[in-house]
Amino acid sequence: MSQALSVTTSIHGSVAVICFNRPDKLNAFDESQRQAFRKAASKVNADDSIRAVVLMGDGRAFSAGADLSEAMPDDVDVEQGLIQEYKPALMAITQAPKPWISAVNGAAAGIGSAFAMACDLTVMAEDAYIYQAFSAIGLIPDGGATWHLAQTVGRKRAYELIALGAKLNAMECLHLGLCNRVVANAALLDETMALANELTTKAPLALRYAKEALNVATQSSLSDTFDHEAKLQKICANSEDAKEGSRAFLAKRKAQFTGR
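Residues numbered from 1 in each chain as written. Predicted model: local features only at pLDDT ≥ 70, side-chain atom pairs only at ≥ 80, totals over all residues. Heavy atoms only, no water.

Applicable threshold: UniProt positions are given in the numbering used here, feature names are shortened, and annotations may be inferred rather than shown by experiment.
Named according to an unreviewed UniProt entry, the protein is Enoyl-CoA hydratase originating from Paraglaciecola mesophila KMM 241. Reading the Sequence similarities (unreviewed entry) entry of the UniProt record for the protein gives the comment "Belongs to the enoyl-CoA hydratase/isomerase family."

Structure (structure tokens):
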């Protein structure tokens, strides 16, 4: 499959949909999909007309992780491969100036789970699951998966999931805070798009800096978080969107935010 088709991007108003497109491989990552995703993510993140991004997988799975059938040289440097090939892609989601939503169907396994968890919001189909498959092949989770699991479910639960290689179904993920909503399989895209479209009506700067504030809060003290919030709040308070929000509130009408 060509690099151009390994990942597809479609635009629906102010929402971009990025889709892993190797359904015959359960959207497992090979070089073409890694490169195509980085390019797609960079493009939508830089487009101010796009206010939300949906990430999904075509076919029966979100992503089965790394493509273990991909030919690799004997002297491959796994450490550098992860840092150079995957880290930029995953940080493009985490550091994006707009919200990303993962729409998870079937398996989000291995590093595929890291892509699902890196998104700001997650909607899962009833048949979906998150799976840390690494222990079965003598490896550990990567792509930042250990960070996301520890932050969300706690160290002991995270270690159990990793060590035993348990599959977490959608309702378990909802209970543990690994997803926001569970919907019928057939309604996954519609429900996710509805959520994305709702986000596009919100103030883009407020969404951007709320995301940044949360990212900082997970790694900072209360005092440092307070200071960083104040810095970001100043940016928001001085924006045209904040003025428009106040006018709309007083006039009892819906605000029209422009991202300025």
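### Some thoughts on the pattern of salt bridges
To keep it simple, the criterion reads: The term salt bridge refers to a pairing of a side-chain nitrogen on Lys or Arg with a carboxyl oxygen on Asp or Glu at a separation within 4 Å. Numbering goes from the N terminus for both helices and strands, where a helix is a DSSP run of H or I of at least four residues and a strand is a run of E of at least two. Burial classes: relative accessible area under 20% of the type maximum marks a residue as buried, over 50% as exposed, and values in between as partly exposed (1.4 Å probe, protein chains only).
Under the definition given, this model contains eight salt bridges. With a shortest N-O distance of 3.6 Å, Glu85 and Arg38 are connected by a salt bridge. Of this pair, Glu85 sits in helix H3 (residues 78-94) while Arg38 sits in helix H2 (residues 31-46), placing them 47 residues apart in sequence. For Glu244, the salt bridge goes to Arg253, with nearest N and O atoms at 2.7 Å. A residue is classified by how much of its surface remains accessible, and Arg253, at 39% relative accessible area, is partly exposed.

### Comments concerning the nonpolar core
For clarity, the threshold we go by: Side-chain atoms within 4.5 Å link the members of a nonpolar core, which is a set of buried Ala, Val, Leu, Ile, Met, Phe, Trp, Tyr and Cys residues.
Core analysis: the largest hydrophobic core is formed by 61 residues, its most contacted members being Ile18, Phe37, Leu55, Trp100 and Phe115. Judged by nonpolar contacts, the second largest core, of five residues, contains Tyr209, Ala213, Leu232 and Cys236.

### Topic: the side chain of His228
Residue position: His228 is located in helix H10 (residues 222-237). Judged by relative accessible area, which is 18%, His228 ranks as buried.

### Structural notes on helix H6 (residues 155-164)
Our working definition: Here, the arc refers to the directions that run from the helix axis to the C-beta atoms. Two residues qualify as a contact provided that any one of their heavy atoms is within 4.5 Å of a heavy atom in the partner residue.
Of the positions making up H6, those classed as buried are Ala158, Leu161 and Ile162. Angular distribution of buried residues about the axis of H6 spans 95 degrees; they occupy a single face of the element. Facing away from the buried side of H6 by more than 90 degrees, the exposed set consists of Lys156, Tyr159 and Leu164. On its buried face, H6 sits against helix H5 (145-153) and strand E8 (167-169). Where H6 terminates, the next one or two residues include Gly165, which has phi positive at roughly 60 degrees.

### Describing the packing of helix H9 (residues 204-217) against H10
Applied cut-off: What counts as an axis is a line fitted to C-alpha atoms, over the stretch in contact for a helix, and the angles between N-to-C directions run from 0 to 180 degrees. Comment on the angle field: the value is read as roughly parallel under 35 degrees, roughly antiparallel over 145, roughly perpendicular from 65 to 115, and oblique elsewhere. In this classification, the charged set is Asp, Glu, Lys and Arg, the nonpolar set is Ala, Val, Leu, Ile, Met, Phe, Trp, Tyr, Cys and Pro, and all remaining amino acids, among them Gly, are polar.
Put simply, H9 and H10 touch, their axes get as near as 10 Å, and they point 170 degrees apart. Between H9 and H10, the angle falls in the class roughly antiparallel. Contacts between H9 and H10 involve Leu205, Ala206, Tyr209, Glu212, Ala213, Val216 and Ala217 on the former and, on the latter, Thr225, His228, Leu232, Ile235 and Cys236. Its residues assigned to classes, the contact of H9 with H10 shows nine nonpolar, two polar and one charged.

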